[in-house]
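One letter stands for each residue in the lines below.
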Amino acid sequence: MNSGFEDISENIKRIRCNIEEAKVRANRESDDIRVMAVTKTVPYERVNFAVSQGFELLGENRVQEYLEKREHYSEKADVSFIGHLQSNKIKYIIDSVSMIQSVDSISLAEAISAQAVKRGLTMDVLLEVNIGGETTKSGFSADELSESAFRIAELDGIRVCGLMTIPPPENSSLYFEKMQRLYEDMRSLPPKSADIHLLSMGMSADYAEAVRFGTGMVRLGSALFGARTYKA
Ligand SMILES: *Cc1c(COP(=O)(O)O)cnc(C)c1O
């Protein structure tokens, strides 16, 4: 059954070990830290192998790629959308994802709300924070986050569940610490009709560091599946 996927098995062992060690160092032994398998550019057979090894939570970046792979995914897969999402594409994914982690503007939140209401469902979302203030990345600035969260939580068909970020590659611990503070602020004074329980941060290069700063979910692509052959 494992044939051809030994590399993933090895990576899984290493990831589990690294996370356990990071939890011990951070005094977080009893915390549940979830691992999302980020699937961009990865063939569905390899994704399904990860699912079969307990990595059921999948993160999708691109609508088109997801639509092509979706029908081949294991029934156990639990898919979240984590990439930049255009409002006119929401309708293609909203019925089959359990969370959208990349809500980066009020207008996108409004468009998700409209589609959710149309279908009589409630979509769990995370607000993406551009914590490094980088012009190349989307997301709310730290300054506008709180007001935006209050506005988005008012929308029908949306449940604000927390925050997601992709920090700058350098000095990520500095940014993780800022995120932890923003998240704790939001938890202590949550917008009405929000259910703040998830901080999604940490990727292949820095997930052990993110454990130190309270992450509840790390999102791993290359550490799990190997280096991507083309840039995502
Ligand atoms: C690609 C991607 C990841 C995973 O990146 P790796 O460095 O390969 O672990 C995580 N989150 C988002 C939003 C991504 O686009």
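Above this text you will find the structure in question.
Remember, predicted model here, so these are calculated numbers, not experimental data.

Chemist: Even after reading the chapter, I still don't get the overall build of the protein, so can you show me in this structure?
Modeler: Regarding its fold elements, the protein presents nine helices and eight strands. Expected size for 232 residues packed as a compact globule is a radius of gyration near 17 Å; at 17 Å, the protein falls within 12% of this value. Seen through its C-alpha atoms, the protein measures out along the principal axes to roughly 50 × 40 × 35 Å. For the protein, the exposed area adds up to about 11,300 Å²; of that, 47% sits on carbon and sulfur atoms. Charged side chains in the protein number 28 positive and 34 negative. The centres of these two groups are separated by 2 Å.

Chemist: Would you take a moment to explain the side chain of aspartate 104 for this structure?
Modeler: The residue aspartate 104 is located in the loop between β4 (99-103) and α5 (106-119) in this model. We note that aspartate 104 is buried and unpaired, the nearest opposite charge coming from arginine 219 at a distance of 13 Å. Looking at aspartate 104, its side chain comes within polar contact range of the side chain of serine 138, at 3.2 Å.

Chemist: Help me understand the nonpolar core in this model?
Modeler: Considering soluble globular proteins, one finds that nonpolar side chains tend to be buried as a cluster. Judged by nonpolar contacts, the single largest core of 61 residues is most densely connected at Ile100, Ile112, Leu127, Ile152, Val160, Leu163 and Leu224. The biggest single contributor to this core is helix α7 (residues 172-188), with six residues. For leucine 224, the contacting residues outside a window of four places in its chain are Ile8, Asn11, Ile12, Ile15, Ala37, Ala50 and Phe55. Core analysis: the next-biggest nonpolar cluster, separate from the first, contains ten residues, Met36, Met99, Leu126 and Leu198 among them.

Chemist: Honestly, the site of the ligand in this entry has me stumped. Any pointers?
Modeler: Lining the immediate surroundings of the ligand are Val38, Lys40, Asn61, Ile82, Ile166, Met203, Ser204, Arg219, Leu220, Gly221, Ser222 and Arg228. In this structure, lysine 40 approaches the ligand through a side-chain N or O atom, which is 2.7 Å from an oxygen atom. At a separation of 2.8 Å, an oxygen atom of the ligand approaches a polar side-chain atom of arginine 228. Starting from 380 Å² of accessible surface for the ligand in isolation, the protein chains cover 90%. Of the residues belonging to the shell around the ligand, the class tally is five nonpolar, four polar and three charged.

Chemist: Got a minute to help me understand the packing of aromatic side chains in this structure?
Modeler: When we look at a pair of aromatic rings, we describe it by the centre distance and by the angle of the planes. For the structure shown, the criterion picks out one aromatic pair. Ring centres of phenylalanine 5 and phenylalanine 49 lie 4.9 Å apart, and the angle between their planes is 20 degrees; on these two criteria the pair is classed as stacked. Of this pair, phenylalanine 5 sits in the segment before α1 (6-25) while phenylalanine 49 sits in helix α2 (residues 44-52), placing them 44 residues apart in sequence. The two residues phenylalanine 5 and phenylalanine 49 agree in class, both being buried. The ring of tyrosine 66 is capped by arginine 70, whose NZ or CZ atom sits 5.5 Å from the centre of that ring.

Chemist: What should I look at first to understand the environment of alanine 37 in this one?
Modeler: Relative to the assigned elements, alanine 37 resides in strand β1 (residues 34-38). Judged by relative accessible area, which is 0%, alanine 37 ranks as buried. In sequence terms alanine 37 and valine 79 are 42 residues apart; their C-alpha atoms lie 9.5 Å from each other. Apart from the residues lying within four places of it in its own chain, the contact partners of alanine 37 are Phe55, Leu57, Leu58, Gly59, Leu220, Leu224 and Phe225.

Chemist: Could you clarify how one ought to interpret helix α3 (residues 63-70) in this entry?
Modeler: Count 3.6 residues to each turn of an α-helix, and residues three or four apart come out pointing the same way. Those residues of α3 not exposed but buried are Val63, Glu65, Tyr66 and Lys69. For α3, the angular spread of buried residues about the axis comes to 160 degrees, placing them on one side. Where α3 is buried, its residues contact α2, β2 (57-60), β3 (78-81) and α4 (90-93).

Chemist: Got a minute to help me understand the pairing of β1 in this structure?
Modeler: Regular strands show a simple pattern: their side chains alternate between the two faces of the sheet. Counting buried residues along β1, four of its five residues qualify, which places the element largely inside the surrounding structure. Relative to β2, β1 runs parallel, the two being bridged by two bridges. Bridged to alanine 37 within β2 is leucine 58. Each parallel crossover has a hand, and the one from β1 via α2 to β2 is right-handed.

Parameters and conventions
Residues numbered from 1 in each chain as written. Predicted model: local features only at pLDDT ≥ 70, side-chain atom pairs only at ≥ 80, totals over all residues. Heavy atoms only, no water. Helix = DSSP H or I, 4+ residues; strand = E, 2+ residues; numbered from the N terminus. Rg over C-alpha atoms; globule rule 2.2 N^0.38 Å. Areas by Shrake-Rupley, 256 points an atom, 1.4 Å probe, with all protein chains shown as cover. Lys, Arg positive; Asp, Glu negative; His and termini not counted. Charge placed at Lys NZ, Arg CZ, Asp CG, Glu CD. Buried < 20%, exposed > 50% of the residue type's maximum accessible area, 1.4 Å probe, protein only. Salt bridge = Lys/Arg side-chain N within 4 Å of Asp/Glu carboxyl O. Polar contact = N/O pair within 3.5 Å; in protein donor to acceptor, adjacent residues only side chain to side chain. Core = buried A, V, L, I, M, F, W, Y, C linked by side-chain atoms within 4.5 Å. Contact = heavy atoms within 4.5 Å. Near = heavy atom within 4 Å. Nonpolar A, V, L, I, M, F, W, Y, C, P; charged D, E, K, R; others polar. Phe/Tyr/Trp six-rings, centres within 6.5 Å; stacked < 30°, edge-to-face > 60°. Lys NZ or Arg CZ within 6 Å of the ring centre and 35° of its normal. Arc of directions from axis to C-beta. Pairing = 2+ DSSP bridges. Right-handed = clockwise from strand over helix to strand, strands pointing away.

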